[in-house]
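Working through the structure, step by step
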Amino acid sequence: MAKEEYFLDMQNITKLFPGVKANDNVNLSIKEGEIHALVGENGAGKTTLMNILYGLYDPDGGEIYYKGKKVKLKDPQAAINLGIGMVHQHFMLVQPLTVTENIILGNEPRKKKGLMLDRKKAKKDVQRISKQYGLFVDPDSKIRDISVGMQQRVEIIKTLYRGAELLIFDEPTAVLTPQEIKELFEIFRSLKEQGKTIIFITHKLKEVKAISDRITVLRGGKSVDTVETQDASQEDVAELMVGRQVLLKVEKAPAQKGEEILNISNLNVEDNRALPAVKDISLSLKKGEILGIAGVEGNGQSELVEALTGLRDIKSGSIKLRGKEISNYGARQIKREKVAHIPEDRHKHGLIMDFDLKENTILGYHDLAAFSKKGIMNYDNIAKYTADLIEEYDVRGAGMQSLAKNLSGGNQQKLIVAREFSHNPEFLIASQPTRGVDVGSIEFIHRQIIERRDNGAAVLLVSAELSEILSLSDRIAVIYEGEIVDILEASDTNEIELGKLMTGSKAEEAGGETVE
Amino acid sequence: MNNFVDKVKSILTNLALSLLSITIALIFGVFFILLTEQSPITAYSALYEGAFGDFRAILNTLWRSTPLILTGLAVALPFRAGLFNIGAEGQLLMGGFTAGVVGFYFTNLPAFIHLPFAILAGMIVGGIWGGLPGFLKAKMDVHEVISTIMLNNIAIALTINYGINYFRDTGRQATPRILQSAALLRFNDMADHFIFGKIPFIEIFEQPGIRLHINFIFAIITAIILWFLLFKTTLGYEMRAVGHNPDGAEYGGINASKGVILAMFISGAVAGLAGVGEALGTHLSFMAGMDAGHGFTGIAVALIGLTHPIGVIFGGLLFGALAQGGLEMQFAGVPSDIVMIIQALVIFFVASLQVLKVYLAKRKAKGGVE
């Protein structure tokens, strides 16, 4: 029976995929005007559930009540007509078109006579919505010219333009900078004030605590519990998600620093447009320590990492590994120097999505004697090796014959970590190692990084997550507009100080005082 | 092993889909045949008879498939490395021309030197014709579609317009006839061959009208070698990595330039071999019009074969059968235009059903399992 008090009530939803129960009698009840967080590990069934709600999948069982009435959602149009809107993780925008054109796409206002598009009305509508909800965008900019955060706003306006009352956000913060996340939450509050209801899918417990009213936790395709946000701590929610106690705080012994392994001096690197991206950076890294690079994304971190891993030419300066100049080495030569690299973009660099797991676990190592001899691949050995890695690193959801693109994000990341760690690196470059990864996997990856450090490897950690930088690093270098503005001991600093440095506030004033 | 069962399943699905699409194409073809007031039954039995009716027909189907399999391979291999080789036509012409010239120009060579020399020369020149766009792509980022199209035009001018006129000794639009020492072995000569003659029952090939020559065997061997190259060697691994994700390949320390140049060189050599076979096996000289658009048909052959070297063999056989059977259809009174329409319908439906397959896979995901 549908309870009248709920705005949306999904009861006993079941969805089967070949070999998996993606949703197993899931219940989700949403109150009108609340921000409801839907959390769970990768593969817990969150996205499947939302795709059912948005009409993309037919459920195999269960009922959906919307505003007290039983509904059947045969396609997204049916959902949109009911007032359900979805902001996808990967935006569905047409890059060369303007903001306004994207928003009205599919619902174009026509002039009274004829078939002509009423551009004036379209622009006015967009401006009205953007003002009403505090979603500031330039209606005439082209999508390809605006930032990711702005593109997300366009997606939100698009759903509002189509009359959405219930907005679903699929991991909206995964692609945003900390500043943009703050702004997004402001938008959430403004939407809520004006009576909209929000379902917010995420991995990040801190965000759940910060913004949601209630939380529903999914685990292994089942709904585990729904709790009031104020009654549950982050640890409680993590335990519900993973099914066991999770250490959110990384436990690590003090670093046992050894000799210097990496020395960067006066390094200058240009970006793709030939503008200076890394300016005169000098850094030193010792064995057995983790150096965090903190900074808002786009301040030269990517170029620095690419220069270190042989993917980008340097302009001037030097990079010495164990005293040897490596700035002119290619990617393969650097790998052979026992350097491992977890790239920031696993789709672009880390994996070949159309290769199976077997072929991905040897990417960059395929010419090692264990995997090939005289140009002939040894797929028997590779299969054995892959089976071991899958087992050891707990890569779930697929056999080694399946393609990498069919793994969930967290498992793709684990596969990369497995590959890079399995060759006993002495210098590890980890770029956004836990981006878009669930709590259980984050814990695992963090433990692995600490373990490498304790075994004497040097780690360069680049992350947009300040909490990750703070909890893992021994020292923290703050990068701003391509320059290292300060290097701090992790134990002597905090998020506020780092936040100031990252956004360009002067180093001197932050240096002395520590704000609690 | 599970893996093996899956593989067989996927092969059978593909085969069934192809047969289904051929059937649909023939049903649509009925309409066009009726337009010409011919009996579809007569027409189709002629098509079948012509392609598979007797031993000779089958062998001639194989003969017609030979250059198509090779040009199909020449498109398929670069495709796997992320390159679109439109230049098989020019590579075929350059290879065929070179082999034709070597075949008549050197008069004092024993067969065991002359023939391999002519074959290799043709393949190398074809390879260079393919490798050049590869080189331009790798070093200067010149798009291979543009450069291969241009090289096609240059090849036509160089071989047919200029080359033939330079060498020809009769009114025929061809280079002089090659010497016997450079000719590829024909199946109906095999009984007299000093090695093949020892194979039992070899004399069944000894009948007039069988045009199949040994290049068919070479084509099959080439397909197997390319399959091995793509799926069993580090070079093939690297080529496929570059084809799927150039950034990911670069991250893995793979030198994309090397893969691009090599893939294009090999593909040029394979297309060159198609030309070699036509010059040294079929026409016994380099002839104008010998290419017959094989290089472009090769694109369709490669796509129908799912750019898999073994699949390409079947794609080539299908086109060979249509060409051979189509001829018989013409003899039965169906105009050659209609024959071409039917050939096009088959290609159209085989290609469309691949799309259908993708659609079915998606629907399955939406509907779930019952």
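In this report, we go over the structure that sits alongside the text. (Residues numbered from 1 in each chain as written. Chains lettered and ligands numbered in written order. Predicted model: local features only at pLDDT ≥ 70, side-chain atom pairs only at ≥ 80, totals over all residues.)

1. So, the sheet that holds strand β3 (residues 35–39) of chain A
Residues and elements named next belong to chain A. Taken in spatial order, the six strands of this open sheet run β6-β7-β8-β3-β9-β10, and their pairing is mixed. The strands lining the two open edges of the sheet, one partner per strand, are β6 (84–87) and β10 (222–228). For this sheet, the mean inter-axis angle between neighbouring strands, taken without regard to orientation, is 20°. Alignment of strand β9 (residues 214–219) against β10, held across six bridges, turns out to be antiparallel. Looking at the pairing, R219 lines up with K222 of β10. On the sheet, helix α5 (residues 148–161) packs against β6 and β7 (166–170) and is oriented at approximately 170° with respect to β6. (Pairing = 2+ DSSP bridges. Helix = DSSP H or I, 4+ residues; strand = E, 2+ residues; numbered from the N terminus. Axes fitted to C-alpha atoms, helices over the stretch in contact; angles between N-to-C directions. Contact = placed C-beta atoms within 7 Å.)

2. Considering the interface of chain A and chain B
How large an interface is tends to be reported as the accessible area lost when its parts come together. On the chain B side, the residues contacting the 30 residues of chain A number 19 residues. At the level of elements, β1 (6–17), α10 (331–336), α11 (346–350) and β18 (376–377) of chain A are the ones that each hand at least two residues to the side of chain A that touches chain B. Looking at the side of chain A that touches chain B residue by residue, the class counts come to 14 nonpolar, seven polar and nine charged. (Nonpolar A, V, L, I, M, F, W, Y, C, P; charged D, E, K, R; others polar.)

3. Quick notes on the sheet that holds strand β14 (residues 316–321) of chain A
Residues and elements named next belong to chain A. Spatial strand order, β12-β11-β14-β15: four strands in an open sheet with antiparallel pairing. Looking at strand neighbours, the two that pair on one side only are β12 (276–286) and β15 (324–325), the edges of this open sheet. Note: β14 against β15, two bridges, orientation antiparallel. If you follow L321 over to β15, its bridge partner there is K324. Its contacts with the sheet place helix α9 (residues 301–308) against β11 (260–270), β12 and β14, and it is angled at close to 60° to β12.

4. What about the packing of helix α7 (residues 215–232) of chain B against helix α8 (residues 234–244) of chain B?
Residues and elements named next belong to chain B. It is the contact of α7 with α8, at a shortest axis distance of 5 Å, that shows an interaxial angle of 70°. Taken as axis vectors, α7 and α8 run roughly perpendicular relative to one another. For the pair formed by α7 and α8, the contact residues are L229, L230, F231 and K232 on the first element and L235, G236, M239 and R240 on the second. Counted by class, the contact of α7 with α8 contains five nonpolar, one polar and two charged residues. (Parallel < 35°, antiparallel > 145°, perpendicular 65-115°, else oblique.)

5. Considerations on helix α4 (residues 119–132) of chain A
All names here are of chain A. For α4, with 14 residues, the first-to-last C-alpha span of 20 Å sits near the 20 Å given by 1.5 Å per residue. Listing the buried residues of α4 in full gives A122, D125, V126 and S130. In an axial view of α4, the angular spread of the buried residues amounts to 125°, which keeps them on one side of the axis. Facing away from the buried side of α4 by more than 90 degrees, the exposed set consists of K120, R128 and K131. Packed against the buried residues of α4 are α3 (99–104) and α5. G134 sits one or two residues past α4 and shows a positive phi near 70°. (Expected span 1.5 Å × (residues − 1). Buried ≥ 20, exposed ≤ 12 C-beta atoms within 10 Å, placed from the backbone. Arc of directions from axis to C-beta.)

6. A closer look at the packing of helix α2 (residues 40–52) of chain B against helix α12 (residues 309–331) of chain B
Residues and elements named next belong to chain B. Interhelical geometry of α2 versus α12 gives an angle of 130° and a closest axis separation of 7 Å. Our classification of the angle between α2 and α12 gives oblique. For the element pair α2 and α12, the recorded crossing hand is right-handed. Between α2, through A43, A46, L47, Y48, E49, G50 and A51, and α12, the contact on the second element is made entirely by A321, Q324, G325, G326, L327, E328, M329 and F331. Residues of the contact of α2 with α12, tallied by class, amount to nine nonpolar, four polar and two charged. (Left-handed = near helix turned anticlockwise from the far one by under 90°.)

7. Description of the environment of I293 of chain A
All names here are of chain A. Relative to the helices and strands, I293 resides in strand β13 (residues 290–294). Between the C-alpha atoms of I293 and V485, which are 192 residues apart in sequence, the distance is 11 Å. Sequence-distant contacts of I293, defined by excluding residues within four places in its chain, comprise Q301, L460, L461, V462, A477 and I479.

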